Amino acid sequence: MADGARSDHPAVQKQLDRLEMLSPGRDVLGLERISEVLNRLGNPHEKLPPVFHVAGTNGKGSTCAFLRAAIEAEGLKAHVYTSPHLVRFNERIRLAGQLVEDDYLADLLARVLDISEDINPSFFEATTAAAFLAFSETPADVCILEVGLGGRLDATNVIARPVATGIAALGIDHEGFLLSPEAGTPDEPIVRIAWEKAGIAKKGAPLLTQKYAADMLQVIADHAAAVGAQHFPRGGEWDAAIYEGQLHYIDRKGRIDLPRPALAGAHQTDNAALAIAMLRHQDALAISDAALRAAMGWAQWPGRMHHLVAGPVTRLLPADAEVWVDGGHNASAGLALARYFADHEAGSIDLVIGMLANKDPAAIITPLQDKLASVTVVPVPGHESHGRENYPEMDAPLNEASDVTAALTGLTSDAGKTVLIAGSLYLVGDVLKANEQVPD
(Lines give C-alpha, C1' and ligand atoms only; values in the text may rest on other atoms or scores of the structure.)
Protein backbone atom coordinates (compact mmCIF):
# COMPACT_ATOMS: atom_id res chain seq x y z
CA MET A 1 0.00 0.00 0.00
CA ALA A 2 1.32 3.50 -0.79
CA ASP A 3 3.36 4.77 2.17
CA GLY A 4 1.89 1.99 4.31
CA ALA A 5 -1.48 3.73 4.38
CA ARG A 6 -4.47 1.59 5.21
CA SER A 7 -7.84 2.40 6.73
CA ASP A 8 -10.60 0.41 8.40
CA HIS A 9 -13.10 2.84 6.85
CA PRO A 10 -14.19 1.49 3.42
CA ALA A 11 -14.63 4.91 1.79
CA VAL A 12 -11.19 6.07 2.90
CA GLN A 13 -9.59 2.80 1.79
CA LYS A 14 -11.25 3.14 -1.62
CA GLN A 15 -9.51 6.50 -2.14
CA LEU A 16 -6.17 5.19 -0.84
CA ASP A 17 -6.45 2.33 -3.34
CA ARG A 18 -7.04 4.86 -6.12
CA LEU A 19 -3.99 6.80 -5.00
CA GLU A 20 -1.84 3.69 -4.98
CA MET A 21 -2.81 2.99 -8.60
CA LEU A 22 -1.84 6.52 -9.61
CA SER A 23 1.43 6.71 -7.67
CA PRO A 24 2.52 3.38 -6.20
CA GLY A 25 4.48 4.60 -3.20
CA ARG A 26 7.00 6.74 -5.03
CA ASP A 27 8.58 9.84 -3.49
CA VAL A 28 8.76 12.61 -6.10
CA LEU A 29 10.30 15.99 -5.35
CA GLY A 30 9.26 19.17 -7.15
CA LEU A 31 6.58 21.84 -6.94
CA GLU A 32 5.12 21.65 -10.45
CA ARG A 33 2.59 18.86 -9.86
CA ILE A 34 1.41 20.03 -6.42
CA SER A 35 1.03 23.58 -7.75
CA GLU A 36 -1.15 22.40 -10.62
CA VAL A 37 -3.27 20.21 -8.34
CA LEU A 38 -3.81 23.10 -5.96
CA ASN A 39 -4.64 25.45 -8.81
CA ARG A 40 -7.42 23.12 -9.96
CA LEU A 41 -8.74 23.06 -6.37
CA GLY A 42 -8.91 26.86 -6.23
CA ASN A 43 -5.55 27.33 -4.48
CA PRO A 44 -6.66 26.43 -0.93
CA HIS A 45 -3.08 26.89 0.34
CA GLU A 46 -3.56 30.64 -0.16
CA LYS A 47 -6.54 30.67 2.23
CA LEU A 48 -4.92 29.31 5.39
CA PRO A 49 -4.56 30.95 8.80
CA PRO A 50 -1.01 32.00 9.86
CA VAL A 51 1.42 29.20 8.96
CA PHE A 52 4.40 27.84 10.94
CA HIS A 53 6.60 25.69 8.66
CA VAL A 54 9.15 23.24 10.14
CA ALA A 55 11.93 21.26 8.42
CA GLY A 56 14.72 19.06 9.76
CA THR A 57 16.19 15.56 9.61
CA ASN A 58 15.19 14.76 13.18
CA GLY A 59 12.98 16.65 15.61
CA LYS A 60 10.69 18.47 13.20
CA GLY A 61 7.63 16.50 14.30
CA SER A 62 8.39 17.10 17.98
CA THR A 63 8.89 20.80 17.27
CA CYS A 64 5.42 20.84 15.68
CA ALA A 65 4.06 19.09 18.78
CA PHE A 66 5.47 21.81 21.04
CA LEU A 67 4.09 24.53 18.74
CA ARG A 68 0.66 22.95 18.87
CA ALA A 69 0.77 22.52 22.65
CA ALA A 70 1.68 26.17 23.24
CA ILE A 71 -0.94 27.44 20.80
CA GLU A 72 -3.66 25.31 22.35
CA ALA A 73 -2.56 26.27 25.87
CA GLU A 74 -3.23 29.85 24.78
CA GLY A 75 -6.79 28.83 23.96
CA LEU A 76 -6.31 28.94 20.19
CA LYS A 77 -7.14 26.29 17.59
CA ALA A 78 -4.46 24.80 15.36
CA HIS A 79 -4.49 22.83 12.12
CA VAL A 80 -1.53 20.41 11.97
CA TYR A 81 -0.11 18.45 9.04
CA THR A 82 2.54 15.84 9.86
CA SER A 83 3.86 12.58 8.42
CA PRO A 84 4.07 9.67 8.44
CA HIS A 85 1.19 8.32 10.48
CA LEU A 86 1.65 5.51 13.01
CA VAL A 87 -1.68 3.65 13.01
CA ARG A 88 -4.34 5.62 11.10
CA PHE A 89 -3.85 7.87 8.08
CA ASN A 90 -6.07 10.42 9.86
CA GLU A 91 -3.15 11.25 12.19
CA ARG A 92 -1.59 13.27 9.37
CA ILE A 93 -4.38 15.85 9.28
CA ARG A 94 -5.51 17.50 12.50
CA LEU A 95 -8.33 20.02 12.05
CA ALA A 96 -8.68 22.68 14.75
CA GLY A 97 -7.30 20.22 17.29
CA GLN A 98 -9.11 17.04 16.20
CA LEU A 99 -8.02 14.29 13.82
CA VAL A 100 -9.88 14.50 10.50
CA GLU A 101 -13.01 12.33 10.50
CA ASP A 102 -13.21 9.39 8.10
CA ASP A 103 -16.17 10.55 6.00
CA TYR A 104 -14.64 13.99 5.44
CA LEU A 105 -11.22 12.45 4.73
CA ALA A 106 -12.71 10.18 2.07
CA ASP A 107 -14.42 13.19 0.48
CA LEU A 108 -11.20 15.23 0.52
CA LEU A 109 -9.15 12.49 -1.12
CA ALA A 110 -11.86 11.89 -3.71
CA ARG A 111 -11.98 15.56 -4.68
CA VAL A 112 -8.20 15.71 -5.03
CA LEU A 113 -7.96 12.54 -7.08
CA ASP A 114 -10.95 13.38 -9.28
CA ILE A 115 -9.28 16.52 -10.56
CA SER A 116 -5.68 15.24 -10.74
CA GLU A 117 -5.64 11.77 -12.30
CA ASP A 118 -3.95 13.10 -15.44
CA ILE A 119 -1.28 14.82 -13.30
CA ASN A 120 -0.31 11.60 -11.49
CA PRO A 121 0.54 13.27 -8.17
CA SER A 122 2.69 11.35 -5.73
CA PHE A 123 1.16 9.98 -2.54
CA PHE A 124 2.53 12.88 -0.51
CA GLU A 125 1.48 15.50 -3.04
CA ALA A 126 -2.11 14.24 -3.10
CA THR A 127 -2.37 14.02 0.67
CA THR A 128 -0.80 17.47 1.08
CA ALA A 129 -3.41 18.89 -1.29
CA ALA A 130 -6.15 17.16 0.73
CA ALA A 131 -4.77 18.66 3.94
CA PHE A 132 -4.66 22.19 2.48
CA LEU A 133 -8.21 21.77 1.20
CA ALA A 134 -9.40 20.72 4.66
CA PHE A 135 -7.51 23.55 6.35
CA SER A 136 -9.06 26.12 4.00
CA GLU A 137 -12.58 24.84 4.76
CA THR A 138 -12.31 24.57 8.55
CA PRO A 139 -11.88 27.64 10.80
CA ALA A 140 -8.77 27.77 12.98
CA ASP A 141 -6.30 30.33 14.31
CA VAL A 142 -3.03 28.75 13.19
CA CYS A 143 -1.66 26.18 10.75
CA ILE A 144 1.44 24.06 11.55
CA LEU A 145 3.15 22.25 8.67
CA GLU A 146 5.85 19.61 8.91
CA VAL A 147 8.04 19.20 5.82
CA GLY A 148 7.77 15.69 4.39
CA LEU A 149 11.14 15.32 2.64
CA GLY A 150 13.90 17.89 2.32
CA GLY A 151 12.40 21.35 2.14
CA ARG A 152 13.20 23.20 -1.07
CA LEU A 153 11.17 20.88 -3.32
CA ASP A 154 8.81 19.42 -0.73
CA ALA A 155 5.10 19.68 -1.52
CA THR A 156 4.48 21.78 1.60
CA ASN A 157 6.85 24.45 0.27
CA VAL A 158 4.17 26.04 -1.89
CA ILE A 159 3.34 28.22 1.13
CA ALA A 160 4.57 31.66 0.13
CA ARG A 161 4.05 33.71 3.28
CA PRO A 162 4.58 31.73 6.51
CA VAL A 163 4.71 33.73 9.72
CA ALA A 164 7.77 31.75 10.85
CA THR A 165 9.94 28.90 9.58
CA GLY A 166 12.24 26.64 11.55
CA ILE A 167 14.89 23.99 10.95
CA ALA A 168 15.43 21.31 13.61
CA ALA A 169 18.36 18.88 13.94
CA LEU A 170 20.20 18.00 10.72
CA GLY A 171 21.81 14.72 9.66
CA ILE A 172 22.12 12.33 6.73
CA ASP A 173 18.88 10.64 5.66
CA HIS A 174 16.98 9.96 2.42
CA GLU A 175 20.29 9.96 0.57
CA GLY A 176 18.74 8.78 -2.68
CA PHE A 177 16.57 11.87 -2.91
CA LEU A 178 18.46 14.67 -1.20
CA LEU A 179 22.06 13.89 -2.18
CA SER A 180 21.65 13.35 -5.91
CA PRO A 181 24.11 15.49 -7.95
CA GLU A 182 22.65 18.76 -9.12
CA ALA A 183 24.41 21.74 -10.66
CA GLY A 184 25.04 24.62 -8.27
CA THR A 185 24.47 22.65 -5.07
CA PRO A 186 27.01 22.00 -2.28
CA ASP A 187 29.29 18.96 -2.69
CA GLU A 188 29.57 17.97 0.98
CA PRO A 189 26.56 15.73 1.81
CA ILE A 190 25.65 17.27 5.17
CA VAL A 191 26.01 20.79 3.74
CA ARG A 192 23.78 19.77 0.84
CA ILE A 193 21.18 18.61 3.39
CA ALA A 194 21.35 22.00 5.15
CA TRP A 195 20.96 23.77 1.80
CA GLU A 196 17.87 21.71 0.93
CA LYS A 197 16.23 22.40 4.30
CA ALA A 198 16.98 26.12 4.00
CA GLY A 199 14.72 26.15 0.95
CA ILE A 200 11.70 26.76 3.21
CA ALA A 201 12.99 30.28 4.02
CA LYS A 202 10.72 33.01 2.68
CA LYS A 203 11.04 36.73 2.15
CA GLY A 204 10.21 38.74 5.25
CA ALA A 205 9.62 35.67 7.45
CA PRO A 206 11.87 34.78 10.39
CA LEU A 207 13.91 31.58 9.94
CA LEU A 208 14.90 30.02 13.27
CA THR A 209 17.67 27.41 13.26
CA GLN A 210 19.55 25.19 15.70
CA LYS A 211 23.33 25.08 16.18
CA TYR A 212 25.16 23.45 13.26
CA ALA A 213 28.70 23.18 11.93
CA ALA A 214 30.02 26.43 10.48
CA ASP A 215 29.75 25.38 6.81
CA MET A 216 26.16 24.18 7.31
CA LEU A 217 25.18 27.38 9.08
CA GLN A 218 26.81 29.49 6.38
CA VAL A 219 24.87 27.89 3.53
CA ILE A 220 21.63 28.43 5.45
CA ALA A 221 22.53 32.06 6.18
CA ASP A 222 23.45 32.66 2.54
CA HIS A 223 20.15 31.27 1.29
CA ALA A 224 18.14 33.24 3.84
CA ALA A 225 19.90 36.42 2.74
CA ALA A 226 19.30 35.62 -0.93
CA VAL A 227 15.53 35.32 -0.47
CA GLY A 228 15.20 38.15 2.06
CA ALA A 229 14.40 36.01 5.10
CA GLN A 230 15.35 37.09 8.62
CA HIS A 231 17.76 34.43 9.91
CA PHE A 232 17.97 33.91 13.68
CA PRO A 233 20.44 31.11 14.50
CA ARG A 234 20.56 29.59 17.96
CA GLY A 235 23.50 30.83 19.99
CA GLY A 236 23.24 34.29 18.46
CA GLU A 237 19.87 36.01 18.76
CA TRP A 238 18.40 33.30 20.98
CA ASP A 239 19.53 30.35 23.05
CA ALA A 240 18.35 27.83 25.63
CA ALA A 241 19.83 25.40 28.13
CA ILE A 242 18.83 23.04 30.92
CA TYR A 243 20.20 23.63 34.39
CA GLU A 244 18.85 23.21 37.89
CA GLY A 245 16.10 21.07 36.39
CA GLN A 246 14.58 23.81 34.24
CA LEU A 247 14.69 24.95 30.63
CA HIS A 248 16.07 28.47 30.54
CA TYR A 249 15.34 30.30 27.29
CA ILE A 250 16.58 33.78 26.34
CA ASP A 251 16.23 36.13 23.36
CA ARG A 252 15.93 39.87 22.69
CA LYS A 253 12.54 39.92 24.45
CA GLY A 254 14.02 38.59 27.66
CA ARG A 255 14.44 35.34 29.58
CA ILE A 256 11.86 32.68 30.44
CA ASP A 257 12.31 29.88 32.94
CA LEU A 258 10.24 26.85 31.97
CA PRO A 259 9.70 23.30 33.24
CA ARG A 260 11.83 20.62 31.65
CA PRO A 261 9.94 19.08 28.68
CA ALA A 262 7.95 16.00 29.64
CA LEU A 263 8.78 14.25 26.35
CA ALA A 264 11.59 11.76 26.95
CA GLY A 265 15.12 12.49 25.72
CA ALA A 266 17.57 15.36 26.08
CA HIS A 267 17.01 16.22 22.41
CA GLN A 268 13.46 17.30 23.24
CA THR A 269 14.93 20.31 25.00
CA ASP A 270 16.28 21.47 21.64
CA ASN A 271 12.95 20.87 19.89
CA ALA A 272 11.02 22.73 22.58
CA ALA A 273 13.46 25.64 22.41
CA LEU A 274 13.09 25.89 18.63
CA ALA A 275 9.30 26.01 18.97
CA ILE A 276 9.57 28.75 21.58
CA ALA A 277 11.91 30.73 19.35
CA MET A 278 9.54 30.44 16.38
CA LEU A 279 6.62 31.67 18.47
CA ARG A 280 8.55 34.58 19.97
CA HIS A 281 9.96 35.81 16.65
CA GLN A 282 6.62 36.38 14.89
CA ASP A 283 3.87 38.94 15.36
CA ALA A 284 0.78 37.22 13.91
CA LEU A 285 -0.39 35.92 17.28
CA ALA A 286 0.52 36.42 20.92
CA ILE A 287 1.52 33.42 23.01
CA SER A 288 1.91 34.08 26.73
CA ASP A 289 4.73 32.82 28.93
CA ALA A 290 2.12 30.81 30.81
CA ALA A 291 1.15 28.98 27.62
CA LEU A 292 4.81 28.23 26.86
CA ARG A 293 5.22 26.77 30.33
CA ALA A 294 2.13 24.61 29.94
CA ALA A 295 3.37 23.36 26.56
CA MET A 296 6.39 21.72 28.16
CA GLY A 297 4.09 19.21 29.82
CA TRP A 298 1.26 19.15 27.30
CA ALA A 299 3.21 18.25 24.16
CA GLN A 300 2.73 14.69 22.92
CA TRP A 301 4.54 13.01 20.06
CA PRO A 302 3.78 9.26 19.96
CA GLY A 303 6.26 6.71 18.69
CA ARG A 304 9.39 8.65 19.61
CA MET A 305 10.98 7.55 22.90
CA HIS A 306 7.50 6.37 23.82
CA HIS A 307 7.00 4.40 27.01
CA LEU A 308 4.44 1.62 26.60
CA VAL A 309 1.74 1.50 29.24
CA ALA A 310 0.28 -1.80 30.42
CA GLY A 311 -1.42 -3.56 27.51
CA PRO A 312 -1.47 -6.70 25.38
CA VAL A 313 2.13 -6.19 24.20
CA THR A 314 3.68 -5.42 27.58
CA ARG A 315 1.87 -8.39 29.13
CA LEU A 316 4.09 -10.66 27.03
CA LEU A 317 6.95 -9.68 29.36
CA PRO A 318 7.53 -9.79 33.13
CA ALA A 319 5.41 -7.24 35.00
CA ASP A 320 8.42 -5.12 35.97
CA ALA A 321 9.86 -4.90 32.44
CA GLU A 322 10.25 -1.37 31.08
CA VAL A 323 9.21 -1.26 27.42
CA TRP A 324 10.03 1.61 25.04
CA VAL A 325 9.33 2.13 21.35
CA ASP A 326 11.13 4.54 19.04
CA GLY A 327 10.77 4.99 15.28
CA GLY A 328 14.24 6.48 14.76
CA HIS A 329 16.10 5.01 11.79
CA ASN A 330 19.20 7.11 11.11
CA ALA A 331 22.51 7.93 12.79
CA SER A 332 21.16 11.00 14.59
CA ALA A 333 18.33 8.92 16.04
CA GLY A 334 20.79 6.23 17.13
CA LEU A 335 22.87 8.80 18.99
CA ALA A 336 19.75 10.22 20.66
CA LEU A 337 18.83 6.73 21.88
CA ALA A 338 22.36 6.19 23.16
CA ARG A 339 22.23 9.47 25.10
CA TYR A 340 18.89 8.56 26.63
CA PHE A 341 20.09 5.14 27.78
CA ALA A 342 23.58 6.33 28.76
CA ASP A 343 22.99 5.60 32.46
CA HIS A 344 21.87 2.02 31.82
CA GLU A 345 24.30 -0.72 32.73
CA ALA A 346 26.15 -2.71 30.08
CA GLY A 347 24.03 -5.56 28.77
CA SER A 348 20.81 -4.22 30.27
CA ILE A 349 18.72 -3.65 27.11
CA ASP A 350 16.98 -6.23 24.91
CA LEU A 351 16.57 -4.64 21.48
CA VAL A 352 13.83 -5.73 19.08
CA ILE A 353 14.56 -4.05 15.77
CA GLY A 354 13.00 -3.86 12.32
CA MET A 355 14.56 -1.59 9.69
CA LEU A 356 13.53 -0.79 6.15
CA ALA A 357 15.83 -2.17 3.46
CA ASN A 358 16.96 1.34 2.47
CA LYS A 359 18.19 2.16 5.99
CA ASP A 360 21.46 1.20 7.72
CA PRO A 361 21.03 -1.05 10.79
CA ALA A 362 24.41 0.05 12.12
CA ALA A 363 23.02 3.56 12.61
CA ILE A 364 20.92 2.26 15.51
CA ILE A 365 22.99 -0.75 16.63
CA THR A 366 26.44 0.84 16.91
CA PRO A 367 25.64 3.67 19.36
CA LEU A 368 23.76 1.24 21.64
CA GLN A 369 26.08 -1.74 21.32
CA ASP A 370 27.62 -1.79 24.81
CA LYS A 371 24.17 -1.59 26.44
CA LEU A 372 22.66 -4.53 24.57
CA ALA A 373 21.91 -7.89 26.17
CA SER A 374 20.37 -9.23 22.96
CA VAL A 375 19.18 -8.12 19.53
CA THR A 376 16.17 -9.69 17.82
CA VAL A 377 15.56 -8.79 14.18
CA VAL A 378 11.95 -8.68 12.97
CA PRO A 379 10.44 -7.75 9.59
CA VAL A 380 8.57 -4.49 9.06
CA PRO A 381 5.10 -5.64 7.98
CA GLY A 382 4.18 -4.57 4.46
CA HIS A 383 7.64 -3.21 3.64
CA GLU A 384 10.99 -4.51 2.41
CA SER A 385 13.22 -4.78 5.45
CA HIS A 386 16.62 -6.10 6.52
CA GLY A 387 17.07 -9.68 7.67
CA ARG A 388 19.53 -10.89 10.28
CA GLU A 389 22.30 -11.25 7.69
CA ASN A 390 22.40 -7.48 7.14
CA TYR A 391 23.17 -6.58 10.75
CA PRO A 392 26.69 -5.74 11.97
CA GLU A 393 28.74 -8.04 14.17
CA MET A 394 28.25 -7.47 17.87
CA ASP A 395 28.94 -9.06 21.22
CA ALA A 396 25.25 -9.44 22.09
CA PRO A 397 23.39 -12.51 20.80
CA LEU A 398 21.69 -11.84 17.44
CA ASN A 399 18.34 -13.56 16.93
CA GLU A 400 15.52 -13.39 14.40
CA ALA A 401 11.76 -13.65 14.89
CA SER A 402 8.71 -13.62 12.63
CA ASP A 403 7.14 -10.63 14.39
CA VAL A 404 7.29 -8.55 17.56
CA THR A 405 5.02 -10.91 19.49
CA ALA A 406 7.33 -13.84 18.78
CA ALA A 407 10.36 -11.71 19.62
CA LEU A 408 9.01 -10.66 23.01
CA THR A 409 7.76 -14.14 23.85
CA GLY A 410 11.22 -15.50 23.13
CA LEU A 411 13.08 -13.06 25.36
CA THR A 412 14.70 -14.49 28.47
CA SER A 413 15.44 -11.14 30.06
CA ASP A 414 16.18 -10.98 33.73
CA ALA A 415 13.60 -9.18 35.85
CA GLY A 416 13.83 -5.42 35.62
CA LYS A 417 15.53 -5.25 32.23
CA THR A 418 14.62 -2.70 29.59
CA VAL A 419 13.15 -3.70 26.23
CA LEU A 420 13.47 -1.29 23.30
CA ILE A 421 11.48 -1.81 20.09
CA ALA A 422 12.99 0.42 17.40
CA GLY A 423 14.09 1.01 13.82
CA SER A 424 10.96 2.06 11.92
CA LEU A 425 7.88 4.19 12.53
CA TYR A 426 5.84 1.62 10.61
CA LEU A 427 6.92 -1.07 13.08
CA VAL A 428 6.25 1.23 16.03
CA GLY A 429 2.77 1.97 14.71
CA ASP A 430 1.97 -1.74 14.62
CA VAL A 431 3.20 -2.12 18.19
CA LEU A 432 1.14 0.82 19.47
CA LYS A 433 -1.96 -0.58 17.78
CA ALA A 434 -1.32 -4.05 19.24
CA ASN A 435 -0.85 -2.51 22.70
CA GLU A 436 -4.10 -0.52 22.32
CA GLN A 437 -2.30 2.86 22.41
CA VAL A 438 -3.70 4.31 19.20
CA PRO A 439 -2.77 8.00 18.81
CA ASP A 440 -5.72 10.40 19.03
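Presented here is a report on the structure given in the accompanying data block.

Rules used throughout
- Residues numbered from 1 in each chain as written.
- Predicted model: local features only at pLDDT ≥ 70, side-chain atom pairs only at ≥ 80, totals over all residues.
- Heavy atoms only, no water.
- Core = buried A, V, L, I, M, F, W, Y, C linked by side-chain atoms within 4.5 Å.
- Buried < 20%, exposed > 50% of the residue type's maximum accessible area, 1.4 Å probe, protein only.
- Helix = DSSP H or I, 4+ residues; strand = E, 2+ residues; numbered from the N terminus.
- Contact = heavy atoms within 4.5 Å.
- Pairing = 2+ DSSP bridges.
- Polar contact = N/O pair within 3.5 Å; in protein donor to acceptor, adjacent residues only side chain to side chain.
- Phe/Tyr/Trp six-rings, centres within 6.5 Å; stacked < 30°, edge-to-face > 60°.

### Structural notes on the nonpolar core
For step 1, the next point in the chain: The biggest cluster of nonpolar side chains holds 41 residues, and the ones touching the most others in it are F52 and I71.
For step 2, the next point in the chain: Those elements giving two or more residues to this core turn out to be β1 (51-55), α3 (60-73), β2 (78-81), β5 (142-146), β10 (246-251), β11 (254-259), α9 (267-280) and α10 (289-298).
For step 3, the next point in the chain: Per-element accounting of this core gives the leading share, eight residues, to α9.
For step 4, the next point in the chain: Among residues more than four places away in sequence, those in contact with I71 are F52, L76, A78, V142, I144, L279, L285 and I287.

### A word on the sheet that holds strand β14 (residues 349-353)
For step 1, the next point in the chain: With mixed pairing, six strands are arranged side by side in an open sheet as β12-β13-β17-β14-β15-β16. Each edge of the sheet is formed by a strand with only one pairing partner; in this case those strands are β12 (306-307) and β16 (398-400).
For step 2, the next point in the chain: For β14 and strand β17 (residues 418-422), the ladder comprises five bridges, and the chain directions are parallel. Residue pairing for β17: D350 is matched across the bridge by V419.

### With respect to the side chain of S62
For step 1, the next point in the chain: Tracing the backbone shows S62 in helix α3.
For step 2, the next point in the chain: Within the local environment of S62, its side chain forms a polar contact with the side chain of Q268, the two groups lying 3.2 Å apart.
For step 3, the next point in the chain: Apart from residues no more than four positions distant in its own chain, S62 is found in contact with Q268, N271 and W301.

### Quick look at the packing of aromatic side chains
For step 1, the next point in the chain: A complete count under the given rule lists five aromatic pairs for this structure.
For step 2, the next point in the chain: With a centroid separation of 6.1 Å and an interplanar angle of 85°, the aromatic rings of F89 and F123 are classed as edge-to-face. On the criterion of sequence distance, the pair formed by F89 in the loop between β2 and β3 (93-95) and F123 in helix α5 (residues 123-137) is long-range, its members being 34 residues apart.
For step 3, the next point in the chain: Consider the rings of Y340 and F341, whose centres lie 5.1 Å apart with planes at 85°: the pair is edge-to-face.

Function-wise, these values are silent; they only describe arrangement.
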